[in-house]
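# Structural overview for review
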Amino acid sequence: NAQGQGAITIGTGTGNTVMKILPGTMLTGGLGAGIRICNSGGSRSALYMTGGTVNRSPKTGDDLAFTVGKNAGSYGYFNMSGGEMNITRIQPGQSGTTSTGSNTVGNVRMTGGTITLPDYILIARSIGSQCAFTVDGGTIYHTNALNNLSIGYEGGRGELNLTGGTIENYGRPLAVRQSLNNST
């Protein structure tokens, strides 16, 4: 697999793709086993998690751990209403791994469930990317993490909406446009 052994890619070409993770299911994977929603420009893809358990353990610092709207011109959506997800990092609105403009959209809505992660939460990472990360319920555990919860890391347009639920971010700051590569 060119995306890493055990990787899950939802939306690799133009068109629409949907994946659902339902109660009672388990999805596991190790190094290189990230989840990528919209891995190609022109893709419109979504992941809905209503229950179950996701344990993915790509190495810490892996830019592809969990991306929602990865490449230029794509629209990715992640909706979590239940279950448990253990991942190293999440990046909605990633735009690849460079600081170039891209018109990528990656939106997240969480109404229930639990996400636990020890690395970055990067909301609208790159210039030209957009993300609305909305937490209406559930819990995100980002305690004693290695890296920040960051909005617009390299200049993207991001928003974090906390209307319910909990974000445990103990020990890490909330940073806005923290990268030295951010020119805006």
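This report concerns the structure included in the present document. (Residues numbered from 1 in each chain as written. Predicted model: local features only at pLDDT ≥ 70, side-chain atom pairs only at ≥ 80, totals over all residues. Heavy atoms only, no water.)

## Re the overall build of the protein
What the protein contains, in helices and strands, is zero helices and 19 strands. A total of 184 residues make up the protein; the buried ones form 53% of that total. Look at the contacts in the protein between residues 6 or more apart in sequence, and 87% of them connect residues 24 or more apart. Total accessible area computed for the protein in this model is approximately 7,500 Å², and 50% of it derives from carbon and sulfur atoms. (Helix = DSSP H or I, 4+ residues; strand = E, 2+ residues; numbered from the N terminus. Buried < 20%, exposed > 50% of the residue type's maximum accessible area, 1.4 Å probe, protein only. Contact = heavy atoms within 4.5 Å. Areas by Shrake-Rupley, 256 points an atom, 1.4 Å probe, with all protein chains shown as cover.)

## Observations concerning the sheet that holds strand 9 (residues 84-86)
One open sheet accounts for six strands, arranged 3-6-9-12-15-18; its pairing is parallel. The open sheet has two edge strands with one neighbour each: strand 3 (26-29) and strand 18 (166-168). Across the sheet, the mean angle from the axis of one strand to that of its neighbour is 5°, orientation sign disregarded. In this sheet, strand 15 (residues 139-141) lies alongside strand 12 (residues 114-116) in parallel orientation, the contact comprising three bridges. The partner of T114 across the bridge, within strand 15, is T139. (Pairing = 2+ DSSP bridges. Axes fitted to C-alpha atoms, helices over the stretch in contact; angles between N-to-C directions.)

## Quick word on the sheet that holds strand 19 (residues 174-176)
Read across the sheet, three strands follow the order 13-16-19 without closing on themselves; strand pairing throughout is parallel. At either end of the open sheet lies a strand with only one pairing partner, and these are strand 13 (121-123) and strand 19. Pairs of neighbouring strands in the sheet enclose a mean axial angle of 15°, with direction left out of account. Bridging between strand 13 and strand 16 (residues 149-151) involves three bridges; their strand directions are parallel. From the neighbouring strand, I121 faces strand 16, where its bridge partner is L149.

## Some words on the environment of A132
Within the secondary structure, A132 sits in strand 14 (residues 130-135). On the accessibility criterion, A132 (21% relative accessible area) is partly exposed. Taking C-alpha positions, A132 is 8.7 Å from V105, a pair spaced 27 residues apart along the chain. If we ignore the near neighbours within four places in the chain, the residues touching A132 are G106, N107, V108, E159 and N161.

## Things to note about the packing of aromatic side chains
Under the defined criterion, the tally for this structure stands at three aromatic pairs. Each ring, one from F66 and one from F78, has its centre 5.1 Å from the other, and the planes form 85°; the classification is edge-to-face. A residue pair is termed long-range when its members are at least 10 positions apart, and F66 in strand 7 (residues 66-68) and F78 in strand 8 (residues 75-80) qualify at 12 residues. Of the two residues, F66 and F78, neither departs from the other in class, the shared state being buried. Relative to Y153, the ring of Y120 lies with its centre 5.6 Å away and its plane at 75°, an arrangement referred to as edge-to-face. You can see Y120 sitting in the loop between strand 12 and strand 13 and its partner Y153 sitting in the loop between strand 16 and strand 17 (157-162), a full 33 residues away along the chain. (Phe/Tyr/Trp six-rings, centres within 6.5 Å; stacked < 30°, edge-to-face > 60°.)

## Observations regarding the side chain of T67
Of note, T67 is situated in strand 7. If we ignore the near neighbours within four places in the chain, the residues touching T67 are I35, R36, I37, Q91 and Q94.

## Some details on the pattern of salt bridges
Oppositely charged side chains may form a pair once their charged atoms are brought near each other. Applying the stated criterion to the full structure yields four salt bridges. Between D136 and R109 there is a salt bridge, with its nearest N and O atoms 2.7 Å apart. Of this pair, D136 sits in the loop between strand 14 and strand 15 while R109 sits in strand 11 (residues 105-110); the two residues are 27 residues apart in sequence, bridging distant segments of the chain. Judged by relative accessible area, R109 falls into the partly exposed class, the value being 35%. (Salt bridge = Lys/Arg side-chain N within 4 Å of Asp/Glu carboxyl O.)

## Some points on the environment of N103
Note on placement: N103 falls in the loop between strand 10 (91-92) and strand 11. For N103, a relative accessible area of 52% corresponds to the exposed category. Separated by 25 residues in sequence, N103 and G128 have C-alpha atoms that sit 4.9 Å apart. In this structure, N103 is in contact with A72, G73, S74 and G128, ignoring residues within four places of it in sequence. Only 3.0 Å separates the side chain of N103 from the backbone nitrogen of G73, close enough to count as a polar contact. (Polar contact = N/O pair within 3.5 Å; in protein donor to acceptor, adjacent residues only side chain to side chain.)

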